[in-house]
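Each chain, letter by letter, is given below.
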Amino acid sequence: SLELPQPDYDVLIIGAGLSGCYACHRMQQLNLKVKVLEAGSSVGGTWYWNRYPGCRFDCESYSYNFFWCKEVLDEWTWSEHFAPQEETERYIQFICNKYDLWKSMQFDTRVKSAHWQSEGGFWRIADETKREYTARFLITGIGLLSDPTLPNIIGVEDFKGEAFHTSRWPRQKVSFEGKNVGVIGVGATAIQIIPEVAKAAKSLTVFQRTPNWAIPLHNSPIDEEGMKEIRAAYPETLNKINTNRLSFLHGDGDESIWDYTPEEREAFWEYMYAQPGFGFWVSNYKETLKDREANALVSEFVAKKIRQRVHDAWTAEKLIPKTYGFGLRRVPMETNFYEAFNRPNVRLVDLLETPITRVKEKSVQTSQENIELDMLIYATGFSAITGAFDAIDFRGTNNHRLLDEWKDGPRTYLGLTVQHFPNMFMSIGPHQAYGNIPASIEYAVGWIAECIEFLHNHNISYIEAKEEGVRNWTEHVHELGQGLLSNEVDSWLTGVNKNVAGKQKRIIARYSGAAPDFRRQCNVVADAKYVAFELR
Ligand code: NA7
């Protein structure tokens, strides 16, 4: 009716990372009035914020790009099998140029709240400066590893030297030359930056709490001929992404470890360990991540490799995880990470043995010693999966708070929608299939765009997940997570971050079935014209 207020935009997108860029393109294609709000000063999301030295893809570049943009597939040249951050950032800018996405984007705008307005039926979004924006539909492209967390160590704010979280790395070059540098953490990020710091710094002290099982990346450049072959193979690559369990280039291992002799296994593992990328992790014997005995065998192989590569026996033992097996956390991919510890300027401090008691103005004090530092690098990770949601005050119908809705773990329908939060869609929110993240994004955004197109064409202005759908989906996700060894270990994949008060306990936050099964279920809902939702 005439007197109902009308929103400024058809669609508002939070975030200009891969999700936001693709969603923006789809909305522009539909001729909808769209706005993208981004906290950073440009596009890229993960590839904008994480600009620390050594940051790069650890999935093959040509499997970690988008497949919807045929022209870009033809025109874009990857220079390395695992592209560095700055190349990936340029790739995303290239897409924005190509599809004229910049015109819909607004940067340096951090969204703080999104409240559903029942009168008129739209979202009212406010940024940090309290400026407001209204839109019929809301798409979150806020990332699953985008809310960085500092360690909860006394005195972190007292440190007077240079200090950086890896995900808030400055745009200007940081020099390690002649400096005593400390790195806290040994996750995928730390494992990329440590060899870079080790090369240049006067000294590097690595503060490790839980060791991780890392394997070699084996990166190499791509020449002109190689890129031609990669282009020719794109259809085949896409087919692999669409059929493999985790949407990686690497197929699912389907052979049984028990069909092989110890010598045959050893030869297979030697071969796989020398291959680039995630193959050793995801294309291994089918029992390695499910069966404790098989997992112990593969873990022993990787432990042996670490012992061979790290000369100092004490350091090698400390770098080998003892409390959980290989592959049960996200496996960091490394380039000379283990060799860095063979340099005379690098040492490991085991925080399980000698914890940090406090950070001081010029040093880190452990229970045993005081270590003087010029620079402290926090490679301490993120409030993952739900962190970016927790940072925004989302309120749905009847003032429902998302934070309350999810206080015992996320509850979603298809990982794409939430009850009481009408007209809101999440790209790679909780309960979605992760693995190859750009592939997950491409699917999620495609699903959302088709849904919005359908609603638009049918004059439907309201869509909300139903209680039953949310209950069934959440149960389904929990069932899939049962019996997985990886769900018995603390990591960001199980929603644990010891630095965050509400994240001390393991939860099932991701869809751990096969990505093709996830997509099939979402397709069924779309094919049935979204009748599983409440539509008005
Ligand atoms: P991760 O993998 O969550 O790693 C964070 C690291 O920081 C990990 O080693 C943590 O040890 C360590 N950490 C965190 N807080 C502390 C405190 N308070 N004291 C000591 N050590 C601490 O984050 P990344 O950025 O490396 O990688 C995230 C993902 O991004 C990665 O998996 C890829 O998918 C891309 P802990 O294990 O908690 O003992």
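Preceding this section is the structure that the text describes.
The following paragraphs examine the structure supplied in this document.

Reading the values: rules and limits
- Residue positions are given per chain, counting from 1 as you read along its sequence in written order.
- Where totals are concerned, whole chains, interfaces and linings use all residues; where local detail is concerned, this predicted model gives features only for residues with pLDDT of at least 70, and gives and counts side-chain atom pairs only at 80 or more.
- In this description, strands pair whenever DSSP reports at least two bridges between them.
- Here a strand is any run of E in DSSP of at least two residues, a helix any run of H or I of at least four, and the numbering for each starts at the N terminus.
- What counts as an axis is a line fitted to C-alpha atoms, over the stretch in contact for a helix, and the angles between N-to-C directions run from 0 to 180 degrees.
- We call a residue near a molecule or strand if the C-beta atom, set from the backbone, is within 6 Å of it.
- Asp, Glu, Lys and Arg are counted as charged, while Ala, Val, Leu, Ile, Met, Phe, Trp, Tyr, Cys and Pro are counted as nonpolar; the rest, among them Gly, fall into the polar class.
- Counting other C-beta atoms within 10 Å of a residue's own tells you its class, since 20 or more makes it buried, 12 or fewer makes it exposed, and anything in between is partly exposed; those C-beta atoms are placed from the backbone.
- Distance between backbone-placed C-beta atoms decides contact: two residues are in contact if it is within 7 Å.
- Note on terminology: a nonpolar core is a set of buried residues of type Ala, Val, Leu, Ile, Met, Phe, Trp, Tyr or Cys, with members joined through C-beta atoms within 7 Å.

### Let's talk about the sheet that holds strand β8 (residues 180-184)
For step 1, the next point in the chain: Overall, parallel pairing links the five strands, which are arranged β7-β16-β8-β9-β12 in an open sheet. With partners counted over all chains shown, the strands left at the sheet margins are β7 (162-165) and β12 (346-350), one partner each. Neighbouring strand axes in the sheet, compared pairwise and without regard to direction, differ in orientation by 15° on average.
For step 2, the next point in the chain: In terms of strand pairing, strand β9 (residues 203-208) meets β12 through five bridges, oriented parallel. Bridging across to β12, Thr 205 finds its partner in Arg 347.

### Examining the site of the ligand
For step 1, the next point in the chain: Looking at the ligand, there are 21 residues lining it, with Pro 151, Gly 185, Gly 187, Thr 189 and Gly 381 nearest.
For step 2, the next point in the chain: It is helix α5 (residues 188-200) that provides the largest number of residues to the shell around the ligand, a total of three residues.
For step 3, the next point in the chain: Its residues placed into classes, the shell around the ligand shows 10 nonpolar, eight polar and three charged.

### A word on the pairing of strand β16 (residues 375-378)
For step 1, the next point in the chain: Of the two faces of β16, the one carrying Met 375 and Ile 377 and the one carrying Leu 376 and Tyr 378 are both buried.
For step 2, the next point in the chain: Here four bridges tie β7 to β16, and the two strands are oriented parallel to one another. Of the residues in β16, the one forming a bridge with Ala 163 is Leu 376.
For step 3, the next point in the chain: Two strands pair when backbone bridges link them, and β8 and β16 are joined in this way by four bridges, in the parallel orientation. Among the inter-strand pairings, Gly 182 is bridged to a residue of β16, identified as Leu 376.

### As for unusual backbone geometry
For step 1, the next point in the chain: Notably, His 218 is not glycine yet its phi reads approximately 55°, a positive angle.
For step 2, the next point in the chain: Phi angles above zero are rare outside glycine, and Ile 385 is one such case at about 65°.
For step 3, the next point in the chain: Looking at the element boundaries, Ile 385 is found in the loop between β16 and α13 (387-390).

### Observations concerning the environment of Leu 485
For step 1, the next point in the chain: Along the polypeptide, Leu 485 turns up in the loop between α16 (467-481) and α17 (515-527).
For step 2, the next point in the chain: In this structure the C-alpha to C-alpha distance between Leu 485 and Ala 83, which are 402 residues apart in sequence, comes to 31 Å.
For step 3, the next point in the chain: If sequence neighbours within four positions are ignored, Leu 485 has contacts with Leu 289, Lys 290, Asn 295, Gly 325 and Leu 328.

### Some remarks on the nonpolar core
For step 1, the next point in the chain: Grouped together as the largest cluster of nonpolar side chains are 151 residues, with contacts concentrated most on Val 11, Cys 21, Val 183, Ile 194 and Ile 448.
For step 2, the next point in the chain: Looking at this core element by element, the count peaks at 10 residues for helix α15 (residues 437-457).

Everything listed here is a matter of coordinates, which is why it stays silent on function.
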